[in-house]
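Structural overview
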Amino acid sequence: VNGVLELPVVVNVLYNTPEQNISDRQIQSQLDVLNEDFAATNRDLFTTNTYNDVKSGDIKIRFVLTQVIRKHTTITAFSTNNAMKYAKRGGIDATSPETSLNMWVCNLGGGILGYAQFPGGNKATDGVVINTLAFGRGGGFGLYTDYDLGRTATHEVGHYFNLRHIWGDRQCGNDYVDDTPLHYTYNFGCPPANKISTCDGGIEMTMNYMDYTDDACMYMFTKGQALRVQATYAIGGPRESLAR
Ligand code: ARG
Ligand code: ZN
Ligand code: CA
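Residues numbered from 1 in each chain as written. Chains lettered and ligands numbered in written order. Predicted model: local features only at pLDDT ≥ 70, side-chain atom pairs only at ≥ 80, totals over all residues.

**Considerations on the site of ligand 1**
To keep it simple, the criterion reads: A molecule or strand has a residue near it when that residue's C-beta atom, placed from backbone coordinates, lies within 6 Å of it. A helix here means a DSSP run of H or I that spans at least four residues, while a strand means a run of E at least two residues long, and both kinds are numbered starting from the N terminus. Polarity classes work like this: nonpolar for Ala, Val, Leu, Ile, Met, Phe, Trp, Tyr, Cys and Pro, charged for Asp, Glu, Lys and Arg, and polar for all others, with Gly in that last group.
Lining the immediate surroundings of ligand 1 are 13 residues, of which Leu113, Tyr147, Arg151, Thr152 and His155 lie closest. Listing elements by their share of the shell around ligand 1, those giving two or more residues are strand E4 (114-116) and helix H2 (151-160). Per-element accounting of the shell around ligand 1 gives the leading share, four residues, to H2. Across the shell around ligand 1, the residue classes tally to five nonpolar, four polar and four charged.

Set out below in structure tokens:
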């Protein structure tokens, strides 16, 4: 409708301890972040004016929370082996993955913040997984200090819509997006403004959601990334079933 993708979101909450059974407020705060970041209405969009010319504008996805499923699990820490996506393995089975985005919120061991499945994979495991301590935005939820603005989900949903890491997962690698610059590798923390790339002397886009910087220091997608996301759910794209 009007070129806007209304995307049903199912949040699967897995808790071993009572604190991991997060509040509806924490869940809603994460939906708010996704809606803001993908519409480029996030308040920190102009933290710097570097790369203003390629900032995405509204990507036109509305994330609509349709279901929250909660389950106690005996698993104390999950890993990236997808167990959280199977009831038989202490997780919750995906709900309507052809037409909905499934998000699993659970304790991920090893300090993992989250991970995603790219388009084209097994439907049973489709969606994104976010560590309970990096899910949502704000104080009061006990989130990791540097990952308390909900950007882990923004990054993972970027992958879900076929976006690659901005450094192309190799030194000066390719992310298949024309308007993102070459990055030597990932950046952590909050890099100084106008960090020069050793690939070609350009300025690295460390504020892009597809880098590894702190939540407070990533605040944009580009127009090229927006086109790649939209091509993913367009008719003929690998997630066309979302557009129905
Ligand atoms: N390490 C994770 C991944 O590669 C997510 C990193 C998210 N970064 C953040 N500032 N929240 O998918
Ligand atoms: Zn990533
Ligand atoms: Ca690029």
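**Some remarks on unusual backbone geometry**
At Ala40, a residue that is not glycine, the phi angle is positive and equals roughly 55°. Residue placement: Ala40 occurs in the loop between helix H1 (24-39) and strand E2 (61-72). With a phi close to 60°, Asp169 is a non-glycine residue in the positive phi region. With respect to the helices and strands, Asp169 occurs in the loop between H2 and helix H3 (223-233).

**Description of the UniProt feature "domain: Peptidase M43 pregnancy-associated plasma-A" (unreviewed entry) in the protein**
Condition: UniProt positions are given in the numbering used here, feature names are shortened, and annotations may be inferred rather than shown by experiment.
In this structure's numbering, the residues bearing the UniProt feature "domain: Peptidase M43 pregnancy-associated plasma-A" (unreviewed entry) are residues 145-231. Helix makes up 22% of residues 145-231 and strand 0%, and the two end C-alpha atoms of the span are 34 Å apart.

**Digging into the environment of Asp179**
Following the sequence through the fold, Asp179 ends up in the loop between H2 and H3. Along the backbone, Asp179 and Thr125 are 54 residues apart, and their C-alpha atoms lie at a distance of 31 Å.

**Quick look at H2**
For clarity, the threshold we go by: Counts of 20 or more other C-beta atoms within 10 Å of a residue's own C-beta define buried residues, counts of 12 or fewer define exposed ones, and intermediate counts define partly exposed ones; C-beta atoms are placed from the backbone. We call two residues in contact when the distance between their C-beta atoms, placed using the backbone, is within 7 Å.
Of all the ten residues making up H2, nine are buried; the element is thus mostly covered by neighbouring parts of the structure. Along H2, the residues that are buried comprise Arg151, Thr152, Ala153, Thr154, His155, Glu156, Val157, Gly158 and Tyr160. At its buried positions, H2 is contacted by H1, strand E3 (101-106), E4 and strand E5 (128-131). One or two positions beyond H2, positive phi appears at Asn162, with a value near 80°.

**Here we look at the pairing of E2**
Note the following rule: Note on pairing: two strands pair once DSSP finds at least 2 bridges between them. With its strands directed away from the observer, a crossover is right-handed exactly when the path from the first strand over the helix to the second travels clockwise.
Relative to E2, strand E1 (residues 5-15) runs parallel, the two being bridged by eleven bridges. By the bridge assignment, Asn12 is partnered in E2 with Ile69. Considered for its hand, the β-α-β crossover made up of E1, H1 and E2 is right-handed.

**Quick word on the pairing of E3**
Counting buried residues along E3, six of its six residues qualify, which places the element largely inside the surrounding structure. The alternating pattern of E3 places Leu101, Met103 and Val105 on one face and Asn102, Trp104 and Cys106 on the opposite face, and all of these are buried. Pairing analysis gives five bridges linking E1 to E3, with the strands arranged parallel. The partner of Val9 across the bridge, within E3, is Leu101. Alignment of E3 against E5, held across four bridges, turns out to be parallel. Considered in E5, the bridge of Trp104 is made with Val129.

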